[in-house]
Amino acid sequence: MSTKITGIGLALAAALALGGLALHRHEPINALWIVTAAVCIYLLGYRFYAAWIAARVLSVDGSRATPAERLSNGRDFVPTHRWIAFGHHFAAIAGPGPLVGPTLAAQFGYLPGTLWILVGAVLGGCVQDMTILLLSTRRDGRSLGQMARDELGPLGGFAALTGTLAIMIILIAVLGLVIVNAMKHSPWGTSTVFATIPVAILVGIYLRFLRPGRVLEASLLGVALVLLAVLGGGWVDHREGIRDWFDYGALPLAGFVIVYGWTAAILPVWLLLAPRDYLSTFLKLGTVMLLAVAIVLTHPQIRMPAITQFIDGSGPLFGGKLFPFVFITIACGAISGFHSLVASGTTPKLISNEADVRLIGYGSMALESFVAIMAMIAATLLDPGVYFAINTAAGVVGATPEAAVQTISGWGFPVTADQMNRLAQAMGERTLFARTGGAPSLAVGMASIFGSTFGRGLLAVWYHFAIMFEAVFILTTLDAGTRVGRFMLQDLLGQAWKPLGRTSWYPSALIASTLVVAAWGYYLYVGVIDPNGGVNILWPLFGISNQMLAGIALSVATGILVKSGKARYALVTLIPLAWLALITTTAAWQKITSPDIRIGFFAAANDLAGRLAAGTLPAERAAVAPQLIFNQRLDGWLTMLFTALLWLVILDMLRVCARRLRGEPVAQASEAPYQVRRLTDVPEGSSP
């Protein structure tokens, strides 16, 4: 009875808060409306929808032995306490998407993005993560591509493997671009981010040799050192001689990110990758919770309109109408294909009890979606003029502060150069104009919230703490993604020569790591030299490819459910799959065929080529025009490739489902045989 009363209460509170959001048109609106709606909807989804899926659709069985128990080897397969596994999983999936996507999507107003984050996560993203996690756990921790090959057949499997690797390259390039745009000409931010690397290595050595298994102890030490690094960055910023050591432009910083990614991919996992996970878990969870508490205490007003005039496709941050581009821009905050790689990679090898799948799969994604809600609030509580001044590239609004404020004020969002200068000084920066990528404006919003709660005299410290927080989010996913990409490439190369498929063979690791880093490093380079900040080129492709990867994962899940005799429950994954197929195909079609140079890849390339041939481009832009033209066209061809691969997987899944429903033979299920779980307890200190 109490459960029903609680459910009814949550439903009423969620309906009231959502109604207030949807019907309110007299800005500003209090951010508490958004927080209340989010918390109630996540709790409802976890308590009722996730529980129903776990019991009826997935038939989660706590008495069944997991691969972590059956195949335990102390290296890859390790029975891990549920909260430690939760921390590992959340650290791996929580990248820049839930931070940057909502921030960029705020150009449409706060309402469209907020509604999609809530609905998309509860009905799509959380369901995908939990389902893939359970299916992989039942199949000895097989990867998404391996499951596609086993369950659908060689055609669908090859399309899934190829698409996954190609999409991974785009995802990592965007991660690097966000980091570069956040750190360029910011000695405080750059020195702080640099300092987190030796801190992570120190924590790795501490865990490996000094205090093995003391995860909490080592993480608290690491967090303390990272916080000292933030304060130390302030000291560096106020020392003229030392300040110049960390004052870099975009290209040198891109080189640093490339070298870091390559190094992280080849170093032992315990030395850098694992300790960064430990650090980021505590830092991410702590900061998100602190931000939520600060919003509840200060209940800031949302200053961005519910819906802006840019829903017509004229937005300055990126081109495209509200449908379908709000969905592919939000990306990870609602549903992320990258999560399916983690849910079918490391995490299934750690789970000690199938009953933990609901917490780790559904719960982690709900928490990441809450991060996206926090990002939306932080972005939209800024004055709209300030928001657009930070996020819009100089190539769009003008190279000088005077030109930028005139352009932005002409859109109906007044802002002054003096206002931006005072804000930059308060944040400890030289300028905040044209700091594209979403990270700087998010940091300003977070600093404003923390400053209002804990003291505005520390705005510069809060701003650079937020930059460091975002960098830890991003670098965790960048180094993990590069390593996963290396494993995937080694698997493919091993088809040509078996030694190259051995992940532990050092020459193979060097070759694969170099190829993967070179691929995403090229995209990062082109994004950095783009006069429009790179976001216009890379983020739409990032969003499309990420959602297509989610479509591949949901296709595999749907096929397995139908093959398992649960066709009546397949709508759980089929409905979000149909929606993703619709929005990604529509977005891809527009990016390929649109004659609008702000939307179409080929249209933009042809326009730039025409102006280059006519000699009307400024000398600086003419020097990089050939690379930009090539990259725009490459983006167009890649979009076509990704779309074709997605539909190959979907059609192969439909073929398998049709054969199963007609009673015709299909590939034998690859699920491991049932074994009774004998593991009775997993100590909280256990970790891989």
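All figures in this text were calculated on a predicted structure; none of them were measured in a lab.

Thresholds, definitions, all that
Residues numbered from 1 in each chain as written. Predicted model: local features only at pLDDT ≥ 70, side-chain atom pairs only at ≥ 80, totals over all residues. Heavy atoms only, no water. Salt bridge = Lys/Arg side-chain N within 4 Å of Asp/Glu carboxyl O. Helix = DSSP H or I, 4+ residues; strand = E, 2+ residues; numbered from the N terminus. Buried < 20%, exposed > 50% of the residue type's maximum accessible area, 1.4 Å probe, protein only. Contact = heavy atoms within 4.5 Å. Core = buried A, V, L, I, M, F, W, Y, C linked by side-chain atoms within 4.5 Å. Phe/Tyr/Trp six-rings, centres within 6.5 Å; stacked < 30°, edge-to-face > 60°. Lys NZ or Arg CZ within 6 Å of the ring centre and 35° of its normal. Axes fitted to C-alpha atoms, helices over the stretch in contact; angles between N-to-C directions. Parallel < 35°, antiparallel > 145°, perpendicular 65-115°, else oblique. Left-handed = near helix turned anticlockwise from the far one by under 90°. Nonpolar A, V, L, I, M, F, W, Y, C, P; charged D, E, K, R; others polar. pLDDT = per-residue confidence, 0-100. Polar contact = N/O pair within 3.5 Å; in protein donor to acceptor, adjacent residues only side chain to side chain. Patch = residues over 30% accessible without salt bridge, like charges linked within 9 Å, V, L, I, M, F, W, Y side chains within 5 Å. Areas by Shrake-Rupley, 256 points an atom, 1.4 Å probe, with all protein chains shown as cover.

Draft legend 1. Looking closely at the pattern of salt bridges. Taken as a whole and assessed by the stated rule, the structure comprises 15 salt bridges. A salt bridge links Glu 671 to Arg 64, with the shortest nitrogen-to-oxygen separation between them at 3.1 Å. Here the residue Glu 671 occupies a position in the segment after helix H27 (619–661), and Arg 64 occupies one in the loop between helix H2 (31–57) and helix H3 (67–70), the gap between them amounting to 607 residues. Accessibility expressed as a relative area gives 33% for Glu 671, which makes it partly exposed. Residue Lys 563 is joined to Glu 151 by a salt bridge in which the shortest nitrogen-to-oxygen separation is 2.8 Å.

Draft legend 2. Molecular detail of the side chain of Ser 186. By the secondary structure assignment, Ser 186 is in the loop between helix H8 (154–183) and helix H9 (187–210). In contact with Ser 186, other than residues within four places in its own chain, are Phe 246, Glu 429, Arg 435 and His 464.

Draft legend 3. Highlighting the nonpolar core. Ranked by internal contacts, the top residues of the largest apolar core, which has 211 residues, are Tyr 42, Ile 373, Met 374, Ile 377, Leu 432 and Trp 520. A total of 18 residues in this core trace back to one element, the largest contributor, which is H8. With residues up to four places along the chain from it excluded, the contact list for Met 374 reads Val 35, Val 288, Leu 291, Ala 292 and Ile 295. Core analysis: the second largest hydrophobic core is formed by nine residues, Val 526, Ala 605, Leu 608 and Ala 625 among them.

Draft legend 4. Representation of the packing of aromatic side chains in the model. Tallied over the entire structure, the rule returns 25 aromatic pairs. Aromatic side chains Trp 116 and Trp 579 sit 6.3 Å apart centroid to centroid with 50° between the ring planes, which places their arrangement in the tilted category. One end of the pair, Trp 116, is in helix H6 (residues 110–137); the other, Trp 579, is in helix H25 (residues 571–593), with 463 residues separating them in the sequence. In this structure an aromatic cluster arises from ring pairing among Phe 194, Phe 246, Tyr 248, Phe 256 and Tyr 260. Taking the ring centre of Tyr 46 as reference, the NZ or CZ of Arg 358 above it sits at 4.2 Å.

Draft legend 5. Seen up close, the packing of H6 against helix H16 (residues 357–380). For the pair H6 and H16, the least separation of the axes is 8 Å and the interaxial angle reads 160°. Considered as vectors, H6 and H16 are oriented roughly antiparallel to each other. The crossing of H6 and H16 is right-handed. Its residues assigned to classes, the contact of H6 with H16 comprises 18 nonpolar, six polar and two charged.

Draft legend 6. Expanded view of the confidence of the model for the protein. With 93% of its residues at a pLDDT of 70 or more, the protein shows a mean pLDDT of 85. For the stretch residues 684–688, pLDDT sits under 50, and the model shows 19 contacts to residues farther than four places along the chain or on other chains.

Draft legend 7. Quick look at the environment of Ser 336. The topology assignment puts Ser 336 in the loop between helix H14 (322–330) and helix H15 (337–343). Taking the C-alpha atoms as reference points, Ser 336 and Ala 496, separated by 160 residues in sequence, lie 31 Å from one another. The contact partners of Ser 336, leaving out residues within four places of it in the chain, are Gln 128, Asp 129, Asn 546, Gln 547 and Ala 550. Among the polar contacts listed, one links the side chain of Ser 336 to the side chain of Asn 546, at a separation of 3.3 Å.

Draft legend 8. Broad picture of a nonpolar patch on the surface. Together, Ile 205, Phe 209 and Leu 210 make up a nonpolar patch on the protein surface, roughly 310 Å² of accessible area in all. Within the fold, Phe 209 resides in helix H9.

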